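Structure at a glance
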Amino acid sequence: LCVCSPEREPVVAPAPQLPLGKASAGASVLALIAVSKFADHAPLYRQEGMLARSGIDLSRSTMCGWLAAGAGLIRPLVQLMQRRILGSKVIQTDDTPIPTLGLIIGKTKLARMWSYVGDRVNPYVVYDFTVSREGQWVRKWLGNFRGDLQSDAYAGYEVLEQLGHVRSFGCWAHARRRFYKSRELAKSFCDWVLEKIGKLYEIETNLREVPWEERARKRREHAAPILQELIGRLKSDRPDHLPKSDVGQAISYVLEREETFTRYIDAGHVEIDNNACERSLRAVAVGRKNWMFAGSQFGGENAAAWFSLIGSAKLHEIEPWAYLTDVLRQLAKLGESPSDEALTPLPVSYTHLRAHETDSYLVCRLL
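Heads up: these notes are all about the structure in this document.

So, how was this worked out
Residues numbered from 1 in each chain as written. Predicted model: local features only at pLDDT ≥ 70, side-chain atom pairs only at ≥ 80, totals over all residues. Heavy atoms only, no water. Axes fitted to C-alpha atoms, helices over the stretch in contact; angles between N-to-C directions. Helix = DSSP H or I, 4+ residues; strand = E, 2+ residues; numbered from the N terminus. Parallel < 35°, antiparallel > 145°, perpendicular 65-115°, else oblique. Left-handed = near helix turned anticlockwise from the far one by under 90°. Contact = heavy atoms within 4.5 Å. Nonpolar A, V, L, I, M, F, W, Y, C, P; charged D, E, K, R; others polar. Expected span 1.5 Å × (residues − 1). Buried < 20%, exposed > 50% of the residue type's maximum accessible area, 1.4 Å probe, protein only. 1 Å grid on protein atoms, 1.4 Å probe; cavity = no way out; pocket = protein on both sides within 12 Å on 5 of 7 lines; lining within 4 Å. Points joined across faces, edges and corners; volume = space filled by probe spheres on them. Salt bridge = Lys/Arg side-chain N within 4 Å of Asp/Glu carboxyl O.

Viewed as axis vectors pointing N to C, helix H6 (residues 172-181) and helix H9 (residues 246-255) meet at an angle of 160°, and their least axial separation amounts to 8 Å. The pairing of H6 with H9 is recorded here as roughly antiparallel in orientation. Classified by chirality, the crossing of H9 by H6 is left-handed. When H6 is examined against H9, the residues Trp 172, His 174, Ala 175, Arg 178 and Phe 179 are found in contact with a partner set consisting of Gln 249, Ala 250, Ile 251, Tyr 253 and Val 254. Of the residues that constitute the contact of H6 with H9, the class distribution is seven nonpolar, two polar and one charged.

Structural data, given as structure tokens:
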């Protein structure tokens with residue numbers, strides 16, 4: 001803004017501080033590109049064409065460079081979210097494959113995108129990109145975590161329990177899915193199992209927001225008898241099904257991990273399944289159908305950072321673009337390697353981001 005007057009020199013207002021230094025991308029533009037790709041699943045080449053129709057010449061290579069630099073800017077915030085998640089009583093985790101270039105010459109290789117979701121006290125989600133599905137990546141991310149871990153039956157998690165680091169909890173959604181897919185092979189039996197699992201879920205519908213102690217008491221009262229009947233039927237009918245059949249494997253999936261599937265009864269802070277984590281991976285799965293692959297390990301790691309902020313904003317029902325725009329502006333003012341004290345809290349009111357809130361809203365002390 002230039003204010004000119006015949007009596008004095010022109011006055012030029014200072015330019016707004018840009019999040020990427022000398023790059024011309026403002027916070028809102030960078031947030032729009034990130035949300036378009038990682039929340040709305042629009043690859044950069046598609047965004048390039050959309051902008052061109054509006055007369056904006058912005059190449060995909062430029063946008064790629066901006067996203068990489070922006071990922072470096074937001075990474076301290078992602079690391080702080082990781083530390084908050086590690087302070088949870090229970091962490092949910094799962095993973096999904098990501099075809100990636102550059103790991104093997106001449107073709108793609110299946111890397112993994114892991115999701116870690118904190119509990120009710122630490123409601124954040126952080127993603128981690130790894131070049132393989134080896135257990136070392138899970139052990140590295142969880143570090144010295146001592147608590148409860150809810151997941152599927154991946155062996156890498158079981159090692160953590162054997163080491164005494166965590167207490168494992170099974171996911172009844174994973175178990176139910178196996179019986180649902182096998183119901184045509186043993187319809188009467190599978191329908192009975194699905195009915196009992198459905199009753200367990202009916203109990204949970206009324207326990208979502210109750211205190212953890214009360215939830216455990218209600219489960220012992222109402223869910224424990226159903227669970228005992230279900231496990232008993234699985235054991236008695238197991239000899240009737242071939243071990244390698246789909247039904248036999250579904251039964252074994254539960255009985256070989258019986259303790260992990262039943263101990264949630266006494267743990268009110270643990271959900272009946274890890275569907276919250278699976279929902280967090282939906283954005284990755286849908287995006288993968290559009291942008292097809294990660295361009296490199298570096299690109300996958302940058303994507304994980306953006307997914308983390310956008311996913312956590314969604315957990316708090318905050319509009320991702322408005323949140324990212326504000327956060328990028330705040331982080332630009334903090335400079336490199338901001339301290340936890342600087343990040344906690346960001347002095348922002350999010351009333352305008354949640355239409356149904358009437359008071360100023362700051363998500364926990366971080367978002």
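Relative to the 27 Å expected for 19 residues at 1.5 Å per residue, helix H7 (residues 187-205) spans 26 Å between its end C-alpha atoms, a close match to the ideal helical length. All buried positions along H7 are accounted for by Phe 189, Cys 190, Trp 192, Val 193, Leu 194, Lys 196, Ile 197, Leu 200, Tyr 201, Ile 203 and Glu 204.

A volume near 930 Å³ is recorded for the largest pocket. Looking at the lining of the largest pocket, the elements that each hand over two or more residues are strand E3 (90-104), strand E5 (125-130), helix H8 (212-237), helix H11 (275-291) and helix H12 (297-315). Here the second largest pocket is characterised by a volume of approximately 540 Å³. If you go around the second largest pocket, you meet 25 residues; those closest to its centre are Lys 37, Leu 44, Cys 64, Phe 293 and Gly 295. Of all the secondary-structure elements, those providing two or more residues to the lining of the second largest pocket are helix H1 (27-38), helix H2 (44-53), helix H3 (60-86), H11 and H12. Looking at which element gives the most residues to the lining of the second largest pocket, the answer is H12, with six residues. Taken together, the residues of the lining of the second largest pocket sort by class into 17 nonpolar, six polar and two charged.

Within this structure, the stated rule accounts for 19 salt bridges. One salt bridge connects Arg 217 with Glu 221, and the closest N-O pair in it is separated by 3.9 Å. In this pair, Arg 217 and Glu 221 both sit in helix H8, four residues apart, roughly one turn of the helix. With a relative accessible area of 41%, Arg 217 lands in the partly exposed category. Given a relative accessible area of 45%, Glu 221 falls into the partly exposed group. Within this structure, Asp 95, Arg 112, Arg 133 and Asp 152 form a network of salt bridges that share partners.

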